[in-house]
Amino acid sequence: MAHKLGTAGMRTCLALAASLLLFCCGGVAQVTIGLPPFGSFRGGSADVVNDANLNVHLSVPVVSKAGRGLPLNYVLGYDSSLWFPVNLFGQSV
């Protein structure tokens, strides 16, 4: 037996599908944080600069303890990848 979907049900399904597409596609355009594989980097022991997007990745070790099974390594990390459009002479840069 076929189940008939009314116009209210169809609108609900279309609204749900549109909202899923809207919220899922936003994460694709985000800048990669951390250290992506096959990247070009330079820096020292605490900071690393990604040459592709000029993201600075800072790592500050807080606690480092050896353990029987797994060691405890607590590190504070920061990424400087803040992107926003800049308007220069009437053109987006």
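Residues numbered from 1 in each chain as written. Predicted model: local features only at pLDDT ≥ 70, side-chain atom pairs only at ≥ 80, totals over all residues. Heavy atoms only, no water.

### Structural notes on the overall build of the chain
When you go through the chain residue by residue, the secondary structure sums to 1 helix and 6 strands. Counting the 93 residues in the chain, one finds 9% classified as buried. Restricting to contacts in the chain with at least 6 residues of sequence separation, those with at least 24 account for 16%. (Helix = DSSP H or I, 4+ residues; strand = E, 2+ residues; numbered from the N terminus. Buried < 20%, exposed > 50% of the residue type's maximum accessible area, 1.4 Å probe, protein only. Contact = heavy atoms within 4.5 Å.)

### Considerations on the sheet that holds strand S3 (residues 56-65)
Taken in spatial order, the 4 strands of this open sheet run S1-S2-S3-S4, and their pairing is antiparallel. Bordering the open sheet on either side are strand S1 (41-43) and strand S4 (72-79), each of which pairs with just one other strand. Each strand of the sheet is rotated relative to its neighbour by a mean of 25°, with strand direction disregarded. Inspection of the sheet shows S3 paired to S4 by 8 bridges, in the antiparallel sense. Paired with Val60 across the two strands is Leu76, which belongs to S4. (Pairing = 2+ DSSP bridges. Axes fitted to C-alpha atoms, helices over the stretch in contact; angles between N-to-C directions.)

### Some words on the confidence of the model for the chain
For the chain, the average pLDDT comes to 76, and 66% of its residues sit at 70 or higher. The element-level mean pLDDT for the chain is lowest in strand S6 (residues 91-92), coming to 59, with S3 highest at 90. (pLDDT = per-residue confidence, 0-100.)

### Topic: the side chain of His57
Along the chain, the position of His57 falls in strand S3. On the basis of relative accessibility, which here comes to 16%, the residue His57 falls in the buried class. One polar contact links His57 to Asp79, side chain to side chain, over a distance of 2.8 Å. (Polar contact = N/O pair within 3.5 Å; in protein donor to acceptor, adjacent residues only side chain to side chain.)

### Notes on the pairing of S3
Pairing of strand S2 (residues 47-50) with S3 involves 3 bridges; the strand directions are antiparallel. Bridged to Val48 within S3 is His57. Where S2 folds back onto S3 in an antiparallel hairpin, the turn is made up of 5 residues, including Leu54, whose phi is positive at roughly 60°. Connecting S3 to the next strand, S4, in antiparallel fashion are 6 residues.

### Brief notes about the side chain of Asp79
For Asp79, the location among the structural elements is in strand S4. The side chain of Asp79 sits in the buried core without any salt bridge; Arg42 is the nearest counter-charge, 15 Å away. A polar atom in the side chain of Asp79 sits 3.3 Å from the side chain of Asn55. (Lys, Arg positive; Asp, Glu negative; His and termini not counted. Salt bridge = Lys/Arg side-chain N within 4 Å of Asp/Glu carboxyl O.)

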